[in-house]
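If you want the building blocks of each chain, they are given just below.
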Amino acid sequence: MSFQPVVPLTGYVGWRFLERTLEPQQAAFAKSQPVVRATDYFRENIGNVTSAADLVNDRRLLSVALGAFGLDDDINNRFFIRKVLEDGTIKDDALANRLADNRYAEFSRAFGFGDRPVPRTILSGFASEMTTRYEKRQFERAVGVQNNDLRLALNLQSGIADIVSRNSSDGAQWFSMMGNTPLRKVFETALGLPASIASIDIDKQRDIFKSRAQANFGTQTMADFSDPAQQEKLIRMFLVRSEASQSAALSGASAALSLLQSMPRVGRLA
């Protein structure tokens, strides 16, 4: 039996409902049969995986591995994923380091095939670490089927925690956020920035993000967004602005449709 998250409302009101019911909903989701089957299989078999080839050749293991990092859509890109894993993250020219989305680097680093003489898959706590991530990410994914904005909001806490723990300098943390597609979407929307900002110089992008963060949240330090109060402000602004943007788009579409419907019909030429 599959458990579907209950998300009866949208926007910030929907977020507050989800916050209040999050713990029991996540627990019920983790106990649903599809999730249990996937995580049980991973726990029982991941210790036998010693290479990237082993992982990509077992679709059930790969599904959990990718799902733990929100990379589910890459399940059929086996050659690409194998290259990401085998290159590791130590060398600057490693594939994961050259990709704009830094979730690939997190994924490669977590398994350690290209970074360590012995991969992390054989560690005693590795299976639990990955299945916990998988359960959380799959719950977010299920929420996203109903409302993707709420999925992005759910990802914020763990996403920022990963960035702050991995990067010692504030500049590197901002660059890491900018390279994380889900997190970047939240910050861009909350700060009122267009997606087209991605086309300008990377250092200039960082300066704009920091300047807007200072103006809107009173800080330009990424680590400050680890604070729950700041995260709540960020989520509220993101959801309010996203909903306003969607409402404006719908209003514009409705106005255009009304205009078309009100136009006189042109008779057929004889």
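Use the structure listed above.
Rules used throughout
- Residues numbered from 1 in each chain as written.
- Predicted model: local features only at pLDDT ≥ 70, side-chain atom pairs only at ≥ 80, totals over all residues.
- Heavy atoms only, no water.
- Phe/Tyr/Trp six-rings, centres within 6.5 Å; stacked < 30°, edge-to-face > 60°.
- Helix = DSSP H or I, 4+ residues; strand = E, 2+ residues; numbered from the N terminus.
- Buried < 20%, exposed > 50% of the residue type's maximum accessible area, 1.4 Å probe, protein only.
- Lys NZ or Arg CZ within 6 Å of the ring centre and 35° of its normal.
- Contact = heavy atoms within 4.5 Å.
- Polar contact = N/O pair within 3.5 Å; in protein donor to acceptor, adjacent residues only side chain to side chain.
- Core = buried A, V, L, I, M, F, W, Y, C linked by side-chain atoms within 4.5 Å.
- Axes fitted to C-alpha atoms, helices over the stretch in contact; angles between N-to-C directions.
- Parallel < 35°, antiparallel > 145°, perpendicular 65-115°, else oblique.
- Left-handed = near helix turned anticlockwise from the far one by under 90°.
- Nonpolar A, V, L, I, M, F, W, Y, C, P; charged D, E, K, R; others polar.
- Patch = residues over 30% accessible without salt bridge, like charges linked within 9 Å, V, L, I, M, F, W, Y side chains within 5 Å.
- Areas by Shrake-Rupley, 256 points an atom, 1.4 Å probe, with all protein chains shown as cover.
- Salt bridge = Lys/Arg side-chain N within 4 Å of Asp/Glu carboxyl O.

Some words on the packing of aromatic side chains
Within this structure, the stated rule accounts for eleven aromatic pairs. With centroids separated by 5.9 Å and ring planes inclined at 75°, the aromatic side chains of W174 and F187 adopt a geometry described as edge-to-face. Residue W174 is located in helix 10 (residues 170-178), and its partner F187 is located in helix 11 (residues 181-190); the two are separated by 13 residues in the primary sequence. Residue classification places F187 among the buried residues on the basis of a relative accessible area of 1%. Pairing F187 with F225 gives two aromatic rings, centres 5.3 Å apart and planes at 80°, and the pair type is edge-to-face. Taken together, the residues span a long stretch of sequence, with F187 in helix 11 and F225 in the loop between helix 12 (202-217) and helix 13 (228-262) at a distance of 38 residues. On the accessibility criterion, F225 (0% relative accessible area) is buried. Three or more aromatic residues joined by ring pairs make a cluster, and in this case those are F69, F107, F111, F113 and F126. A cation over a ring is seen here: R60 above Y41, with NZ or CZ 3.9 Å from the ring centre. If you follow R236 out to its NZ or CZ, it ends over the ring of Y12, 5.9 Å from the centre.

Focus on helix 4 (residues 59-67)
Of all the positions in helix 4, only L61, L62, V64, A65, L66 and G67 are classed as buried. Buried residues belonging to helix 4 abut helix 2 (33-45), helix 3 (52-56), helix 5 (78-87), helix 7 (103-111) and helix 8 (126-146). Its side-chain oxygen placed 3.2 Å from the backbone nitrogen of R60, D58 serves as the N-cap of helix 4.

Structural notes on the environment of F187
Along the sequence, F187 and D92 sit 95 residues apart, while their C-alpha atoms lie 27 Å from each other. Aside from chain neighbours lying at most four places away, what touches F187 is L156, I160, W174, M177, F209, M222, F225 and L234.

Remarks on the nonpolar core
In this structure, L55, L85, F107, F111, M177, F187 and F225 are the most contacted members of the largest nonpolar core, which totals 66 residues. Once residues within four sequence positions are removed from consideration, L55 is found in contact with I46, V49, L61, L62, A65, L85, F111 and F113.

Some words on the packing of helix 2 against helix 8
Orientation of helix 2 relative to helix 8, taken along the N-to-C sense of each, is 160°, at an axis distance of 9 Å. Overall, the two elements helix 2 and helix 8 adopt an arrangement that is roughly antiparallel. The element helix 2 and its partner helix 8 pack so that their crossing is right-handed. Of the residues in helix 8, those touching helix 2 at V35, A38, T39, F42 and R43 are F126, A127, M130, T131, Y134 and E135. Per-class residue counts for the contact of helix 2 with helix 8 are seven nonpolar, two polar and two charged.

Describing the side chain of D162
By the element assignment, D162 lies in helix 9 (residues 148-166). Engagement of the side chain of D162 in a polar contact is seen with the side chain of R133, the distance being 3.5 Å. For D162, the contacting residues outside a window of four places in its chain are E106, R133 and R137.

A few points about a nonpolar patch on the surface
A cluster of nonpolar side chains, contributed by V118, I122 and L123, occupies part of the molecular surface with about 250 Å² of accessible area. If you trace the backbone, L123 turns up in the loop between helix 7 and helix 8.

Quick word on the packing of helix 10 against helix 12
Between helix 10 and helix 12, the shortest axis-to-axis distance is 10 Å and the interhelical angle comes to 100°. Considering their axes alone, helix 10 and helix 12 lie roughly perpendicular with respect to each other. Residues D170, G171, W174, F175, M177 and M178 of helix 10 pack against I202, D203, Q205, R206, F209, K210 and A213 of helix 12. Among the residues making up the contact of helix 10 with helix 12, the classes are represented as seven nonpolar, two polar and four charged.

Some points on the pattern of salt bridges
The final tally for this structure, using the stated rule, is 17 salt bridges. Residue R16 pairs with E19 through a salt bridge whose shortest N-O separation is 2.8 Å. Of this pair, R16 and E19 both sit in helix 1 (residues 11-30), three residues apart, which is roughly one turn of that helix. Its relative accessible area of 37% is what places R16 among the partly exposed residues. On the accessibility criterion, E19 (31% relative accessible area) is partly exposed. The network of salt bridges with shared partners includes R16, E19 and E232.

These figures come from the coordinates and say nothing about function on their own.
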